[in-house]
Amino acid sequence: MMRRLLAALLFFVATSASALPIHDYVARLERLHALMRANQLDVARTESALLLRARIEIGTQRFNADDSLLQAISVSKQRDAHLQSRLAATIVELRRVAPAGSTTVDPKILAAIVKEEAVAELKAGGDALPIDENLTVNQRLMRMIEDTIAWIGDVLLKFWQWLVQFIPDEMTTPGGSGRVSWIVIVTVGLIAIVLLILAVRVLRRSRAAAPEPIESTELLGSRKDEDPLSRGAGEWEKYAAQLAAAGRIREAIRAWYHAVLVTCYASGILHFRKGRTNWEYISLLGPQVSWRPELIELTRRFEVEWYGHTESSSEALEDCSARARQILEAIRRERSAA
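Here the structure is a predicted model, which means the values were calculated and not measured.

Each value, and the rule that gives it
- Residues numbered from 1 in each chain as written.
- Predicted model: local features only at pLDDT ≥ 70, side-chain atom pairs only at ≥ 80, totals over all residues.
- Heavy atoms only, no water.
- Helix = DSSP H or I, 4+ residues; strand = E, 2+ residues; numbered from the N terminus.
- Buried < 20%, exposed > 50% of the residue type's maximum accessible area, 1.4 Å probe, protein only.
- Contact = heavy atoms within 4.5 Å.
- Areas by Shrake-Rupley, 256 points an atom, 1.4 Å probe, with all protein chains shown as cover.
- Phe/Tyr/Trp six-rings, centres within 6.5 Å; stacked < 30°, edge-to-face > 60°.
- Lys, Arg positive; Asp, Glu negative; His and termini not counted.
- Salt bridge = Lys/Arg side-chain N within 4 Å of Asp/Glu carboxyl O.
- Expected span 1.5 Å × (residues − 1).
- pLDDT = per-residue confidence, 0-100.

**A look at the overall build of the protein**
Move 1: Broken down by element type, the protein carries 14 helices and three strands.
Move 2: Evaluated residue by residue, the protein yields a buried proportion of 34% over its 338 residues.
Move 3: Restricting the contact set of the protein to residue pairs at least 6 apart, pairs at least 24 apart contribute 63%.
Move 4: Of the roughly 21700 Å² that the protein leaves accessible, carbon and sulfur atoms contribute 58%.

**Topic: the packing of aromatic side chains**
Move 1: In the structure shown here, the tally under the stated rule is six aromatic pairs.
Move 2: Here the aromatic rings of Tyr265 and Tyr281 are separated by 5.8 Å at their centres, their planes lie at 55°, and the arrangement is tilted. In this pair, Tyr265 sits in helix H11 (residues 249-267) while Tyr281 sits in helix H12 (residues 278-283), placing the two residues 16 residues apart along the sequence. Each member of the pair, Tyr265 as well as Tyr281, is classed as buried.
Move 3: When the centroid spacing of 6.4 Å and the interplanar angle of 70° are considered together, the rings of Phe302 and Tyr307 count as edge-to-face.

**Here we look at the side chain of Arg254**
Move 1: With respect to the helices and strands, the residue Arg254 is situated in helix H11.
Move 2: Of the buried charged residues, Arg254 lacks a salt bridge, with Asp225 as the closest side chain of opposite charge at 4.2 Å.
Move 3: Setting aside residues no more than four positions away along its own chain, Arg254 makes contact with Asp225, Glu226, Phe302 and Trp306.

**Brief notes about unusual backbone geometry**
Both trends apply: most residues other than glycine have a negative phi, and most peptide bonds are in trans.
Move 1: If you check the backbone angles, Asn39 has positive phi at about 65° while not being a glycine.
Move 2: On the secondary structure map, Asn39 appears in the loop between helix H2 (22-37) and helix H3 (41-51).

**Some thoughts on the pattern of salt bridges**
Move 1: Tallied over the entire structure, the rule returns eleven salt bridges.
Move 2: In this structure, Arg323 and Asp319 form a salt bridge, with 3.2 Å as the shortest nitrogen-oxygen distance. Of this pair, Arg323 and Asp319 both sit in helix H14 (residues 314-337), four residues apart, roughly one helical turn.
Move 3: Under the relative-accessibility criterion, Asp319 is labelled partly exposed at 24%.

**Thoughts on the side chain of Ser74**
Move 1: Mapped onto the elements, Ser74 comes out in helix H4 (residues 67-74).
Move 2: Once residues within four sequence positions are removed from consideration, Ser74 is found in contact with Arg45, Ser48 and Ala49.

**Description of H11**
Move 1: If you check H11, its first and last C-alpha atoms are 28 Å apart, about what 19 residues at 1.5 Å a residue would give, namely 27 Å.
Move 2: Most of H11 sits out of view: 15 of its 19 residues are buried.
Move 3: Directly after H11, the chain includes Gly268, whose backbone phi takes a positive value near 80°.

**A look at the confidence of the model for the protein**
Interpretation of this model should avoid reading the predicted coordinates in detail wherever pLDDT is low.
Move 1: Mean pLDDT for the protein: 75, with 70% of residues reaching 70 or above.
Move 2: This model gives residues 117-122 a pLDDT under 50, and the stretch forms four contacts once residues within four places in sequence are excluded.
Move 3: Of the regions scoring below 50 in pLDDT, residues 210-220 engages in 18 contacts with residues more than four places distant in sequence or in other chains.

Encoded structure:
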């Protein structure tokens, strides 16, 4: 136990003195992955906790370690296949963007990562519904209601065909007793009328309902705010204004940063990948991108305000919003000129 604590202390001193090279960081993530696969969770929790807040060096740039991933490992109580898969994906991505070096790679670990990253083939069966991106939300809702009404009609037809089998032949022939047959017909008719009335009421309500405006978004913190893809760029800008008006400056800064990320995704400049850090996105931008220095400054200021402070000032919000607007305008000019 003492030997483990001493090794952990030496590692902490070494990593806090200077930035950790990208290859060393990847090697430590591979070790964490191997420890988790071996179910040595105590050691994995200790080593992941020591990597928290570490600064990683890749070329001339520096970025923070993936604290969300490392924090999840440091508090894990049992083997988590999803967490192992996420760690494996991070290792593969860092290996892809890291410059070539002399660090040796354990072939067994790489083979395990490739196996875990393999996507299973879809099972046979099931229907894939086509998605028309040009339809509005109301148009999609109307199409769903029309499909539902058609489905109800098919069910009623099949129900009638099934019910007819139980009607005696003498009740359907001329001169036969038609009392029971009329009871059955009336019952089926009443059921059909009730279902039709319900379908018409739903259809009328959907047509009369007005779409909820973006401005009515409630300022309630939720997991939705953590996902940049939960809103469009314009929605994030309006949401940032609402948060600022409510005095939630720190969250408004995050909203502006998410507006920039979503605009980059929509323009094809960056490609979203779960688990990828902000600095990894910046490393994918070439030096020819005119607004890259501005994004570096915005990212640095955002991470200081979001991860380093519990409250942010109006000056910080003004600086971040100005940089975000400058980047958004540059991207939109480039898009219109293309």
